[in-house]
Amino acid sequence: MDQLTPWLFMLPALLLFLVYVIYPITQSIAYSFYEWDGIGPKIFIGIQNYIDLYYDPQFWTALWNNILWLVFYMLAVPLGLGIALFLNQEVLGIRAVKSLFFFPFVISQVIIGIVFAWFYDPGYGLLKIIVGVFGFDPIPVLADETLVTYGIIAAGLWPQIAYTMILFLTGLNNLHPEQIEAARMDGAKGWTMLRYVILPQLRPATFIAIVVTVIGALRSFDLVASMTAGGPYGSSTVLAYFMYEQAIFNYRMGYGAAIATVLFLIMLIYIAFFLWRMLKDERG
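This one's a predicted model, so the numbers in the text were calculated from it and none came from an experiment.

Caption draft 1: Spatial organisation of the overall build of the chain. Counting secondary structure elements, the chain contains 14 helices and two strands. Viewed in the frame of its principal axes, the chain has a C-alpha envelope of about 75 × 70 × 30 Å. The burial tally for the chain puts 37% of its 284 residues in the buried class. Sequence separation of 24 or more characterises 67% of the internal contacts of the chain that already satisfy a separation of 6 or more. Accessible surface computed for the chain: about 17100 Å², of which carbon and sulfur atoms make up 69%. Considering the chain, the positive charge centre built from 13 side chains and the negative charge centre built from 17 side chains are found 10 Å apart.

So this is what it looks like as structure tokens:
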């Protein structure tokens, strides 16, 4: 009976997880093998949706943009750590400063997208004023096919850095003071203290920060939808928005499910890799 008690407590959560997570994932994978408009009968077509994806240039554009999101979004982890280390001190007014850094985390992604769209506006945006001070012409960030993705990523980094900062601040508050005092007695300080004493204790927070950042990069949708709707000419679309566009606007539910399956596999592989690395480091 003692062995069954933990499972009985976990049973409600497991049932919710199966119904709202596992079942939708398996259902989405199953739909990817059908041609379906979401209303009429489903027609089994095997892997044809995946073949169509391979020959769809818009899919490769979306995939490349997701890779860019993954690469540059990871900047949120070291930047969040740096800000957390700066804020983790007892000085006058630090709470007010912390609230300023917390602020982006509580704002809706759609609001952030609208604010940054105003910021980038080449007619009256703040960016125009800033570059004008240095004598440069306005930069149409959201209208330039080569710059638009980087502009949206920069908008996404603002709240993501705040999120990782919160995670690292929580980790810093749970450090073992005995280890820090022992390291100080041995003469450790600065970078040595950070590398050999603080960062090893922040591994759980670092892992969570990496996982949520990867998930945030791969499911990037709100900012793309609110700032460009995938434009100009589909150059800023990502897999999540491409899936939405195909399934909702083009009535290709099976094709959208195939895109969702690819996105899920990328996310699964990426997170599994970091989980494997973390477990390997801990065992080592």
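Caption draft 2: Region of the structure containing the packing of helix α9 (residues 177–185) against helix α10 (residues 190–201). The N-to-C vectors of α9 and α10 enclose an angle of 170°; their axes lie 11 Å apart at closest approach. The angle between α9 and α10 falls in the class roughly antiparallel. Contacts between α9 and α10 involve Gln179, Ile180, Ala183 and Arg184 on the former and, on the latter, Met193, Val197 and Gln201. In terms of residue class, the contact of α9 with α10 is built from four nonpolar, two polar and one charged.

Caption draft 3: Representation of a nonpolar patch on the surface. Residues Leu11, Leu15, Leu16, Phe17, Leu18, Val19, Tyr20, Val21 and Ile22 make up a contiguous nonpolar surface patch of about 840 Å² in total accessible area. Here Leu18 is to be found in helix α1 (residues 4–31). On the basis of relative accessibility, which here comes to 46%, the residue Leu18 falls in the partly exposed class.

Caption draft 4: Structural view of the packing of aromatic side chains. In the structure shown here, the tally under the stated rule is 18 aromatic pairs. A centroid spacing of 5.9 Å and a plane angle of 80° characterise the contact between Tyr54 and Trp60, whose relative ring orientation is edge-to-face. By relative accessible area, Tyr54 is classed as exposed at 52%. Through a chain of ring-to-ring contacts, the aromatic side chains of Tyr54, Tyr55, Phe59 and Trp60 assemble into a single cluster. Its guanidinium or amino end placed over the ring of Tyr255, Arg252 lies 3.8 Å from that ring's centre, counting from NZ or CZ.

Caption draft 5: Expanded view of the side chain of Ser236. By the secondary structure assignment, Ser236 is in the loop between α12 (222–227) and α13 (239–249). For Ser236, a relative accessible area of 1% puts it in the buried group. At a separation of 2.7 Å, a polar atom in the side chain of Ser236 contacts the side chain of Thr228. Reaching out from Ser236, the side chain makes a polar contact with the backbone oxygen of Gly231 at a distance of 2.5 Å. Apart from the residues within four sequence positions on either side, Ser236 is in contact with Asn65, Val148, Thr149, Ile152, Val224, Thr228, Gly230 and Gly231.

Caption draft 6: Examining the side chain of Gln160 more closely. Tracing the backbone shows Gln160 in helix α8 (residues 148–173). A polar contact is formed between the side chain of Gln160 and the side chain of Thr213, at a distance of 3.3 Å. Setting aside residues up to four positions removed in sequence, Gln160 forms contacts with Tyr73, Ala76, Val212 and Thr213.

Caption draft 7: Examining the environment of Tyr163 more closely. Locating Tyr163 in the fold gives a position in helix α8. Spatially, the C-alpha atom of Tyr163 lies 9.0 Å from that of Thr213, the residues being 50 residues apart in sequence.

Caption draft 8: View of the nonpolar core. If you look at the biggest cluster of nonpolar residues, it comprises 64 residues, and the most contacted ones within it are Leu53, Trp69, Ile152, Phe168 and Met227. Among the elements that take part in this core, α8 stands out by supplying 11 residues, more than any other. When sequence neighbours within four positions are dropped, the list of residues in contact with Ile152 reads Trp69, Leu142, Leu223, Val224, Met227, Thr228 and Ser236.

Caption draft 9: Local environment of α8. Over its 26 residues, α8 extends 38 Å from the first C-alpha to the last, a length consistent with the 38 Å expected when each residue adds 1.5 Å. Where α8 bends most, the angle comes to about 30°, and this point is Leu157, followed within four residues by the proline Pro159.

Caption draft 10: Quick peek at unusual backbone geometry. That bond from Gly231 to Pro232 is cis: its omega, -5°, falls within 30 degrees of zero. Its location among the elements puts Pro232 in the loop between α12 and α13. For Ala229, which is not glycine, the phi torsion reads 55° and is therefore positive. For Ala229, the position within the fold is in the loop between α12 and α13. The backbone phi angle of Tyr233 is positive, close to 55°, even though this residue is not glycine. Note on placement: Tyr233 falls in the loop between α12 and α13.

Rules of the game
- Residues numbered from 1 in each chain as written.
- Predicted model: local features only at pLDDT ≥ 70, side-chain atom pairs only at ≥ 80, totals over all residues.
- Heavy atoms only, no water.
- Helix = DSSP H or I, 4+ residues; strand = E, 2+ residues; numbered from the N terminus.
- Buried < 20%, exposed > 50% of the residue type's maximum accessible area, 1.4 Å probe, protein only.
- Contact = heavy atoms within 4.5 Å.
- Areas by Shrake-Rupley, 256 points an atom, 1.4 Å probe, with all protein chains shown as cover.
- Lys, Arg positive; Asp, Glu negative; His and termini not counted.
- Charge placed at Lys NZ, Arg CZ, Asp CG, Glu CD.
- Axes fitted to C-alpha atoms, helices over the stretch in contact; angles between N-to-C directions.
- Parallel < 35°, antiparallel > 145°, perpendicular 65-115°, else oblique.
- Nonpolar A, V, L, I, M, F, W, Y, C, P; charged D, E, K, R; others polar.
- Patch = residues over 30% accessible without salt bridge, like charges linked within 9 Å, V, L, I, M, F, W, Y side chains within 5 Å.
- Salt bridge = Lys/Arg side-chain N within 4 Å of Asp/Glu carboxyl O.
- Phe/Tyr/Trp six-rings, centres within 6.5 Å; stacked < 30°, edge-to-face > 60°.
- Lys NZ or Arg CZ within 6 Å of the ring centre and 35° of its normal.
- Polar contact = N/O pair within 3.5 Å; in protein donor to acceptor, adjacent residues only side chain to side chain.
- Core = buried A, V, L, I, M, F, W, Y, C linked by side-chain atoms within 4.5 Å.
- Expected span 1.5 Å × (residues − 1).
- Bend = angle between axes of the 7 residues up to and from the residue.

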